Amino acid sequence: MANETDNSNDKELVGLLAQFDDPTSLLAACNNAREAGYKKMDAFTPFPVHGIDPALGIKRSFLPFIVLAVALGAVCVGLGMQFYTNGGEIGGVSTDQSPIFPGYQFLISGKPHFSLPANIPVTFEVIVLSSAFATFFGMWIINKLPRLSNPLHRVSRFKRVTNDKFFLMLEAKDEKFDKSDSEAELNQWGAVAIEEVNQDLTDTKLPAWMAPMALIGALLLLIPPVAIFSAYGATNTKPRLHVVPDMDWQHKFKTQVLSPNVSDPDTPEYLFANRRAMRQPVEGSVRFGSLETDSEMFRGIKKDFANASMTVGMKKSMLASTGPQDEEENLDQWITGFPEGFEVNETTLARGKERFNIYCSVCHGYAGNGDGLVNQRAVALAANGQATWTAAKSLHDAVVKDASKNPTGRIYDTITNGRNNMGPYKDQIPVADRWAIVAYVKALQETGITPVGADAAAEAEAATEAEAPELEAAEEEKEE
Amino acid sequence: MATTVDPKQLDNTLDDPADRSPLVLGGLNYEGVTDTACGVWDAERPPMIWWVLLLIALSLLGLLGACVNHLLMSGTGVWGNNNPVYWGWPIVNFVFWVGIGHAGTLISAILFLFRQNWRTSINRAAEAMTIFAVVCAGLFPGVHIGRVWVFYWLFPIPTEHLAMWPNFRSPLLWDVFAVSTYATVSLLFWYMGMVPDIATFRDRTRSKIGKFIYGILSLGWTGSSRAWHHYEIAYTILAALATPLVLSVHTIVSFDFAVSQLPGWHTTIFPPYFVAGAIFSGFAMVVTLLVPARKLCGLENLITIRHLENMNKIIMATGLMVGMAYGIEFFMAWYSGVEFEQFALSNRAFGNYWWAYWIMVSCNVLAPQVFWIKWCRTTPWFMVIVCIFVNIGMWFERFVITITSLSRDFVPSSWAYFHPTWVDISMLVGSFGLFFTLFLMFCRFLPVIAMAEVKSIMPMEDGH
């Protein structure tokens with residue numbers, strides 16, 4: 001027996017450590033020890049030796065159940081976190097009403113604040129992360145590791161346990177343990193060498209300097225979190241720290257703001273004369289792709305008149321009702337057919353019908369006789385004095401229908417810029433669609449549908465004779 | 001030990017159905033495995049080539065540091081990202097690196113669950129590579145957020161100053177959770193697997209500092225059978241957790257694209273396509289690293305030609321999957337009947353970026369086909385060349401997906417050609433510096449081979 005550790009009175013025997021050179025003889029020794037009645041023993045190997053668990057009587061690990069419990073908890077935590085922070089609702093009460101750290105509801109395309117499919121990925125990751133932590137830390141805790149001092153490491157021979165040797169230790173705490181008997185048994189089972197493992201009792205005490213140092217260290221570690229939390233809750237009179245100043249104060253002005261005073265307060269001076277922070281386009285600038293030189297196509301005006309005058313419908317202000325139209329209209333300027341590049345055929349007529357039904361029929365009616373629902377309701381309200389309204393014209397009205405008074409160019413212009421009470425539609429309807437509507441209007445007029453009952457037609461005719469400015473004057477009086 | 005020379009000891013790529021080919025050559029016993037695996041670490045000083053490589057890696061790392069500093073001081077305008085390509089190289093590099101980071105966990109976890117014993121020699125290095133690749137990957141979205149000093153807004157931390165929480169329905173937030181979970185779990189898995197081998201270092205080292213550091217890191221491991229029992233169960237659980245995790249990570253990365261509505265991104269094939277590509281690129285990177293590393297560390301008897309051949313077979317298989325995904329993308333564009341999708345895909349192959357697309361196809365689909373020939377998949381220098389092509393191809397795959405779709409979006413007036421700046425290029429090059437610095441440090445200071453695991457798959461010494 002080779003004992004490399006010296007014996008003194010300060011030592012206590014922990015057990016006997018027997019060395020074996022291969023896993024097979026270790027397994028045999030383990031089996032022998034168990035059959036001989038040893039309970040407190042352990043084998044030490046460089047790698048997990050299969051079959052050693054039953055030989056030593058090791059019960060199956062309960063680690064999986066710990067992990068399962070943590071994983072189930074993580075489902076609740078993961079879902080609960082997302083539910084709370086994104087302002088989920090139960091019974092009409094949302095977490096965004098919480099007095100502290102309220103949830104925050106993101107309004108995105110009207111989607112629900114909490115919906116399982118969108119919340120599964122994060123829940124899954126939370127489960128995996130928690131389970132991995134449970135597995136990792138659970139395993140070390142069950143194994144009572146980390147253990148920084150172990151009498152086994154005092155046996156120099158034991159260093160080869162992580163290389164190529166196999167060890168069996170019979171613990172002194174075992175009832176059957178007897179130093180000389182056990183040693184004989186181990187020899188009998190084929191141990192290559194046997195060592196006593198001694199616990200050095202003086203060793204088990206911590207050095208005197210360690211405890212106060214650990215305390216001081218722990219206190220020092222508390223300083224950063226305390227400093228952060230106190231700074232977090234405190235009110236500071238100094239401006240906050242700006243890590244990168246030119247990102248916090250960017251040298252720019254937003255597009256629609258007033259220019260700040262760039263000079264001293266008494267003699268103000270601004271970036272531009274009109275006090276905008278942004279330059280306006282040079283007069284006559286044309287947006288890319290918007291040159292629109294073809295006056296027939298884009299304005300419904302013959303090329304000869306392209307530079308002569310503005311259209312009558314081009315208003316001084318947005319709505320006709322807010323101001324009189326002071327320009328003389330030249331009826332000759334309007335084109336009477338359709339511009340080059342627009343073809344009247346079945347497709348464009350169908351398109352025109354569709355657009356007409358969407359945009360025009362609300363006032364002018366599907367048949368064009370001025371009985372759209374908006375018009376009906378507004379006329380009824382106007383009759384009670386509850387609103388002011390210029391009745392929408394019937395497209396079958398004699399004047400409207402008259403190609404000399406209302407050539408196609410003028411109808412196009414009406415759609416584009418509005419007329420009387422009617423607002424402009426140039427922002428809603430693209431050019432080609434406007435011409436399609438014109439084509440459809442002409443088709444409607446050609447079919448000559450008249451309202452049911454001649455009286456209604458007569459009334460409509462009478463209504464068209466009433467001039468818009470008069471109604472507008474009446475309207476202004478009512479407003480006062 | 002065998003007294004007659006077994007032909008499989010000379011060439012362990014031979015397949016004999018009656019007998020398993022040895023995975024450890026040179027007649028090594030347990031001690032021989034330990035001595036071989038600790039070779040570089042045991043040496044008084046590392047070989048000259050290590051210093052040379054470290055110097056190169058450190059200078060590239062310095063370049064990366066300078067670029068990150070420049071970026072933080074000046075803002076993200078130093079990159080080429082601009083309308084309409086707001087996701088430029090940073091996201092390309094992120095997906096590239098995070099994809100490479102998939103091989104390690106795949107080798108450790110999935111091959112472990114499938115009881116593929118040949119994984120034992122390569123899993124440690126592959127896991128280390130995973131972690132270093134994820135570090136490189138995390139860097140790019142980290143600095144891409146612009147104001148790095150408020151990075152914690154990414155996480156659900158209660159704050160009265162912001163008075164907001166993250167939007168949990170956003171794929172970008174899923175990404176934060178997926179990548180950080182992946183990095184953490186990979187680190188736990190890697191470290192846990194390494195503890196018995198660090199204990200070997202603890203017991204071998206002669207320096208006092210080494211004893212202290214490895215003593216702390218090995219947590220007092222003794223190789224007790226009770227500890228091994230719980231350890232093996234824990235390892236299996238971690239493998240079972242890491243397997244769906246590794247698939248989920250690149251799935252979620254692909255959601256960054258697939259959940260948007262951009263033609264060429266909005267497609268259901270992305271998750272499997274990205275995962276196959278990730279395994280493909282990761283294995284290629286493992287081969288690229290391990291062939292020089294086994295030479296450098298003298299590990300030819302542990303990382304044998306058979307290991308490399310197996311990896312090349314996986315590279316070829318995943319390369320074919322990726323190739324099929326490229327084809328299916330065109331089918332889906334045609335079959336969907338959506339003209340925007342059809343335009344996006346034809347623009348990829350024949351538009352402004354045709355050169356990137358065809359680099360991708362030739363590197364990813366054509367190059368690995370040489371592995372059908374046995375000589376190609378068993379000749380180290382040749383497989384490294386092929387794998388470098390695969391790495392280039394996979395970088396271009398992410399480039400093609402990100403850049404071509406963004407540069408040709410729905411509105412033709414905003415179409416533009418993407419130009420990277422010198423910062424973009426330097427950061428990509430610099431990230432390799434970070435990666436190789438970490439890997440070289442790992443080769444010198446930590447156990448490159450999972451010694452305990454290799455020993456456990458060796459036939460028992462007494463002839464059983």
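Above this text you will find the structure in question.
Sequence positions are assigned chain by chain, starting from 1 and proceeding in written order. The order in which chains are written sets their letters, starting at A; the order in which ligands are written sets their numbers, starting at 1. Totals for whole chains, interfaces and linings use all residues, but because this is a predicted model, local features are given only for residues with pLDDT of at least 70 and pairs of side-chain atoms are given and counted only at 80 or more.

For the purposes of this entry, the term helix denotes a DSSP run of H or I that reaches at least four residues, the term strand denotes a run of E that reaches at least two, and both are numbered from the N terminus. When helices and strands are counted, chain A shows 16 helices and 6 strands. The 480 residues of chain A split such that 30% are buried. Long-range contacts, defined as pairs at least 24 residues apart, comprise 69% of the intrachain contacts of chain A with a sequence gap of at least 6. The exposure label follows from counting other C-beta atoms within 10 Å of a residue's C-beta, where the C-beta atoms are placed from the backbone and the thresholds are 20 or more for buried and 12 or fewer for exposed, leaving partly exposed in between. By the criterion used throughout, residues are in contact when their C-beta atoms, derived from the backbone, lie within 7 Å.

Within chain B, the regular secondary structure consists of 18 helices and 0 strands. This radius of gyration counts C-alpha atoms alone. The globule rule is 2.2 Å times how many residues there are, raised to the power 0.38. Radius of gyration (C-alpha) of chain B: 23 Å, near the 23 Å computed for a compact globule of 464 residues. By its C-alpha atoms, chain B is 75 × 55 × 40 Å across when sized along the principal axes. Long-range contacts, defined as pairs at least 24 residues apart, comprise 81% of the intrachain contacts of chain B with a sequence gap of at least 6.

Another point: the interface of chain A and chain B. Counting residues at the interface gives 58 residues for chain A and 57 residues for chain B. For the side of chain A that touches chain B, the elements supplying multiple residues, two or more each, are α1 (23-36), β2 (41-44), α2 (52-56), α3 (63-85) and α4 (116-142) of chain A. Considering each element in turn, the side of chain A that touches chain B owes the most residues, 15 residues, to α4 of chain A. Gly is placed with the polar residues, together with every amino acid not listed as nonpolar (Ala, Val, Leu, Ile, Met, Phe, Trp, Tyr, Cys and Pro) or charged (Asp, Glu, Lys and Arg). Of the residues assigned to the side of chain A that touches chain B, the class counts are 36 nonpolar, 14 polar and 8 charged.

Residues and elements named next belong to chain A. Residues Met41 and Ala43 line one face of β2 and the alternating positions Asp42 and Phe44 line the opposite face, and both faces are buried. Pairing between strands is defined by DSSP: at least two bridges between them are needed. Note: β2 against strand β5 (residues 166-171), 4 bridges, orientation antiparallel. Its bridge partner being in β5, Phe44 is matched across the sheet by Phe167.

Quick look at the nonpolar core now. By convention the nonpolar core is taken to be a set of buried residues drawn from Ala, Val, Leu, Ile, Met, Phe, Trp, Tyr and Cys and joined through C-beta atoms within 7 Å. Leu168 of chain A together with Val286 of chain B are the most contacted members of the largest nonpolar core, which totals 187 residues. The element contributing the most residues to this core is helix α10 (residues 225-258) of chain B, with 18 residues. Those residues in contact with Leu168 of chain A that sit more than four places away from it in its chain are Ala18, Phe20, Leu26, Ala29, Cys30, Ala33, Met41 and Ala43 of chain A. The next biggest cluster of nonpolar side chains, apart from the first, holds 15 residues, and it includes Ile411, Tyr412, Ile415 and Tyr440 of chain A.

All names here are of chain B. Between helix α11 (residues 270-296) and helix α12 (residues 305-336), the shortest axis-to-axis distance is 9 Å and the interhelical angle comes to 150°. The angle between the axes of α11 and α12 places the two elements in the roughly antiparallel class. Two packed elements cross with a definite hand, and for α11 against α12 that hand is left-handed. Residue-level contacts link Tyr273, Ala276, Gly277, Ile279, Phe280, Phe283, Ala284, Val286, Val287 and Val291 of α11 to Leu308, Met311, Asn312, Ile314, Ile315, Thr318, Gly319, Met321, Val322 and Ala325 of α12. Simply put, an axis is a line fit to the C-alpha atoms, just over the touching stretch for a helix, and the angle between two N-to-C directions goes from 0 to 180 degrees. Any angle that is under 35 degrees is reported as roughly parallel, and any over 145 degrees as roughly antiparallel; angles of 65 to 115 degrees are reported as roughly perpendicular and all others as oblique. A crossing counts as left-handed when the near helix is turned anticlockwise from the far one by less than a right angle, and as right-handed when that turn is clockwise.

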